Amino acid sequence: GAMLLLLQLEQGPAAASAAAPPAVKWVKGYSFGKSESHPHAGVECADGGFLVVGDGQDYSNETVVKRYIYVLKTDRAGNAQWQQRFGDVAWNYGKFGIELADGSILVAGAMSTTAQAGTHGQAALQRTLLHLNGRTGALQQRLSLPNKGWEDNLKDGFMCVALGEDDNSVVATG
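Residues numbered from 1 in each chain as written. Predicted model: local features only at pLDDT ≥ 70, side-chain atom pairs only at ≥ 80, totals over all residues. Heavy atoms only, no water.

Caption draft 1: Structural view of the sheet that holds strand β9 (residues 105–112). Strand order in the open sheet formed by 4 strands is β8-β9-β10-β11, and the pairing between neighbours is antiparallel. Sheet topology places β8 (93–99) and β11 (139–145) at the edges, where each strand pairs with a single neighbour. Geometrically, the sheet is characterised by an average inter-axis angle of 20° between neighbouring strands, direction not taken into account. Pairing between β8 and β9: 6 bridges, direction antiparallel. Looking at the pairing, Glu 99 lines up with Ile 105 of β9. (Pairing = 2+ DSSP bridges. Helix = DSSP H or I, 4+ residues; strand = E, 2+ residues; numbered from the N terminus. Axes fitted to C-alpha atoms, helices over the stretch in contact; angles between N-to-C directions.)

Caption draft 2: Structural context of the nonpolar core. Leu 51, Ile 69, Val 71, Phe 86, Val 107, Leu 130 and Leu 132 are the most contacted members of the largest nonpolar core, which totals 13 residues. Those elements giving two or more residues to this core turn out to be β4 (50–58), β5 (65–74), β6 (80–86), β9 and β10 (125–132). With 3 residues, β9 is the largest single contributor of residues to this core. In this structure, Leu 51 is in contact with Ala 41, Gly 42, Val 43, Cys 45, Val 71, Leu 72, Gly 97, Ile 98 and Ile 105, ignoring residues within four places of it in sequence. Leu 100, Ala 108, Leu 129 and Phe 158 belong to the second largest nonpolar core, which has 7 residues in total. (Core = buried A, V, L, I, M, F, W, Y, C linked by side-chain atoms within 4.5 Å. Buried < 20%, exposed > 50% of the residue type's maximum accessible area, 1.4 Å probe, protein only. Contact = heavy atoms within 4.5 Å.)

Read these as layout, nothing more, since geometry by itself doesn't imply function.
Take a look at the structure:
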C-alpha cells in the first residue's frame, strides 16, 4: 500500500544556512491499507499537531467507490491520532483543510453524487465542505453545492478554504 509522508524540518538560524539545507526533525509514514494515496495539503493545528488532507484509491473496494477523501490528524511528534475517509460512490477528492477556532476541522474538496461507471468525467461531482469533529474526525456536517461544470467536462471542486476576518466566516474557492 501507499503511504502518506509527513516531514518536519528544524527551524531557526542554526537549522539552515546557505551552506547546508535544514535538518530533518522527523519523518512519519501512514498507510491506509491497500491503496494509492495523494496528500494535497498539510497544516499545523493549534495543539502543535498536523492535519493532512488528500484522496486515494482503495484497491480492496473498487466496486462502487473509486476514490475516497482521506483526512489524517497527528500529534506534534507526527503520531496519528485519527484518520478518516469519506465518499459513498464513484470519485471523491480532498484538497485542503483548516482547523476552526472551536477545534473542529473544515475540509474542502469534491464528492460524487452518482455511481455512474467509467472515468471521473462521467460522475456528477459537487463542490463540498466537510465539517469534522477535531478530536475524532467524525463527520458533523456536509455542505455540497451543485457543480454543473461536470456536464462540460469541468471536474473541479473546492480547492481551498480559509478563515474569514471575524473567524465566523470562511472563504472556499474552486
